[in-house]
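Structural characterization, general
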Amino acid sequence: MTSGLKGGTSPALIAPLLLVLYGLLRLVDGLDGDHGPGLAWNLGHTLFLFGFLLFGVVTFALRGLVLGTGPGRRLVANAAAAVSLLGIACFLWVILGDLFSDLAASAPLPEPLEMIGPLAFQGGWLTLLVMAVTATPRLLPAWSPLLVLAGFLLFAVNLDLLPVGGLLLMAGLAPVARASRPALSSAPGTAG
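Residues numbered from 1 in each chain as written. Predicted model: local features only at pLDDT ≥ 70, side-chain atom pairs only at ≥ 80, totals over all residues. Heavy atoms only, no water.

This part takes up the layout of surface pockets. By volume, the largest pocket amounts to about 630 Å³. If you trace the largest pocket, you find 30 residues lining it, with Tyr22, Phe48, Phe91, Pro118 and Leu159 closest to the centre. Taken together, the elements giving at least two residues each to the lining of the largest pocket come down to helix H1 (11-29), helix H2 (39-66), helix H3 (73-99), helix H5 (111-134), helix H6 (143-157) and helix H7 (162-185). Examining the composition of the lining of the largest pocket, we find that seven residues originate from one element, H5, more than from any other. Considering only residue class, the lining of the largest pocket consists of 22 nonpolar, five polar and three charged. (1 Å grid on protein atoms, 1.4 Å probe; cavity = no way out; pocket = protein on both sides within 12 Å on 5 of 7 lines; lining within 4 Å. Points joined across faces, edges and corners; volume = space filled by probe spheres on them. Helix = DSSP H or I, 4+ residues; strand = E, 2+ residues; numbered from the N terminus. Nonpolar A, V, L, I, M, F, W, Y, C, P; charged D, E, K, R; others polar.)

Right under this line is the structure:
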């Protein structure tokens, strides 16, 4: 097995696909001019939640990819992964609040984290991706972090662009999926 998922499908590809599906359901939900609780909203946010849980898995894969690529890079890789995981935790907090209104009312995400969370996630990931590009030997193509950055920028421009941005993330992470396979297939307890 080439990854932890059946058929060798990588979380680096599934997570952005879930983001694309969330974005499409968000568009469907907004057809009536309002985004709010209902079937498309709940299903979309559930996919969004699972997508961000998988983004956590991808963060560990990115960290593992760059750990042994040079002196001093371990500290930067660990810090970038920790920052990214903080951002992911903020997203999960908000998504759970969107799914469960009682949670949102009783424990809203603190306002400073609303701004810091997305930046932490994106900054941590971009740092790890650039580290993989600048490693010797190069672990990822230079266009990988550029596509991920383009996806992030589309999200910032307009949330209706989530499906396109998710596709850019998927394209940018495709090399991560391929690069992570040897490490995953040689991990203890995996069948080769």
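Taken as a class, soluble globular proteins show a tendency for nonpolar side chains to be buried jointly. Residues Phe52, Phe55 and Trp125 are the most contacted members of the largest nonpolar core, which totals 42 residues. Contact partners of phenylalanine 52, with chain neighbours within four places excluded, come to Ile88, Phe91, Leu92, Ile95 and Phe121. (Core = buried A, V, L, I, M, F, W, Y, C linked by side-chain atoms within 4.5 Å. Buried < 20%, exposed > 50% of the residue type's maximum accessible area, 1.4 Å probe, protein only. Contact = heavy atoms within 4.5 Å.)

Looking now at the packing of H2 against H5. Where H2 contacts H5, the axes come no closer than 9 Å and their chain directions differ by 35°. H5 is crossed by H2, and the crossing has left-handed handedness. Facing Phe52, Phe55, Val58, Thr59, Leu62, Arg63, Leu65 and Val66 of H2, the residues of H5 in contact are Phe121, Trp125, Leu128, Leu129, Met131 and Ala132. Across the contact of H2 with H5, the residue classes break down as 12 nonpolar, one polar and one charged. (Axes fitted to C-alpha atoms, helices over the stretch in contact; angles between N-to-C directions. Left-handed = near helix turned anticlockwise from the far one by under 90°.)

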